[in-house]
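So you can see what is in the structure, the chains are spelled out below.
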Amino acid sequence: MVVIVGVRTVRTVLEDGEFFCPECGGDRRYQYGVGRRFLLVCGIAVLPVSRPASSVECAVCRFGFDPGVLTVPTGRRLTALLRDVTRALAVGALVAGGESSPAARAAAVAAVRDVGVTAYTDELLGADLYAHAGEDDGVEALDALAAHLAPGGRARLVAVAARVALADGPYRTLELDMLLGAGARLGLTRAEIDRVLDEAAGHMPL
Ligand SMILES: [Zn+2]
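The rules behind these values
Residues numbered from 1 in each chain as written. Predicted model: local features only at pLDDT ≥ 70, side-chain atom pairs only at ≥ 80, totals over all residues. Domains from an automatic or database assignment. Buried ≥ 20, exposed ≤ 12 C-beta atoms within 10 Å, placed from the backbone. Helix = DSSP H or I, 4+ residues; strand = E, 2+ residues; numbered from the N terminus. Pairing = 2+ DSSP bridges. Core = buried A, V, L, I, M, F, W, Y, C linked by C-beta atoms within 7 Å. Contact = placed C-beta atoms within 7 Å.

### Comments concerning the domain arrangement of the protein
By domain assignment, the protein separates into domain 1 (5-71) and domain 2 (75-203). Placing a centre on the C-alpha atoms of domain 1 and another on those of domain 2 gives a separation of 42 Å.

### A closer look at the pairing of strand β3 (residues 44-48)
On a regular strand, one side chain projects to one face of the sheet and the next to the other, so that they alternate. Among the 5 residues that make up β3, 0 are buried, leaving the element largely open to the surroundings. Pairing of strand β2 (residues 26-41) with β3 involves 4 bridges; the strand directions are antiparallel. Considered in β3, the bridge of L39 is made with L47. With antiparallel pairing between neighbouring strands as the criterion, β2 and β3 make up a hairpin whose turn holds 2 residues, including C42 at a positive phi of roughly 55 degrees.

### Examining the nonpolar core
Nonpolar side chains tend to gather and get buried jointly when the protein is soluble and globular. Grouped together as the largest cluster of nonpolar side chains are 38 residues, with contacts concentrated most on A90, A93, A108, V158, A161 and V164. Elements with a contribution of two residues or more to this core: α1 (75-95), α2 (102-114), α4 (136-146), α5 (151-166), α6 (173-185) and α7 (190-203). Per-element tally for this core: the top contributor is α5, with 9 residues. Apart from the residues lying within four places of it in its own chain, the contact partners of V164 are A90, A93, L94, A104, A107, A108 and A111. Counting residues in each nonpolar core, the second largest holds 6 residues, with F19, C21, V56 and C58 among its members.

So this is what it looks like as structure tokens:
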């Protein structure tokens, strides 16, 4: 009698969703599950030969990852955060000064459009100012985004807000307070923030 012995992995899927796959480098569907290897005799699983191990499997490249990979935000989520933060910073800079300046408002609208919110208008900006969207929502998004940005990306965000602040003239005290606060929240040192603010001021036709 021929007895064919082998090993088969039996996987139970517990959940699925979208994650950023570090192997194939993009937002992918994943399945999170528990796999256990069984001894196979004549094609029938008879004995578990390993402890259950949980893993996340990419639907595209089929690589398996530790569940910790799910804590990394997807590209889609990072894009949304970047838009929220840019919008909050632009609104925050206007609230600190220049709310009624057409040049400052135009700079704020341009900053938000630059990050892909192409339908953003002065009217929407007005609604954001009215709702004071620059406050709480922005702080949360700022914290969530800061952890995933390289120093250059953090400086760039402060520069975006600085240009809005400068659009109607040199920095006001309240604008500087706002910019220093945002920079610190993003994890930049005081010297780094000062450099960004000086550079932005140097590029403005004052
Ligand atoms: Zn993948």
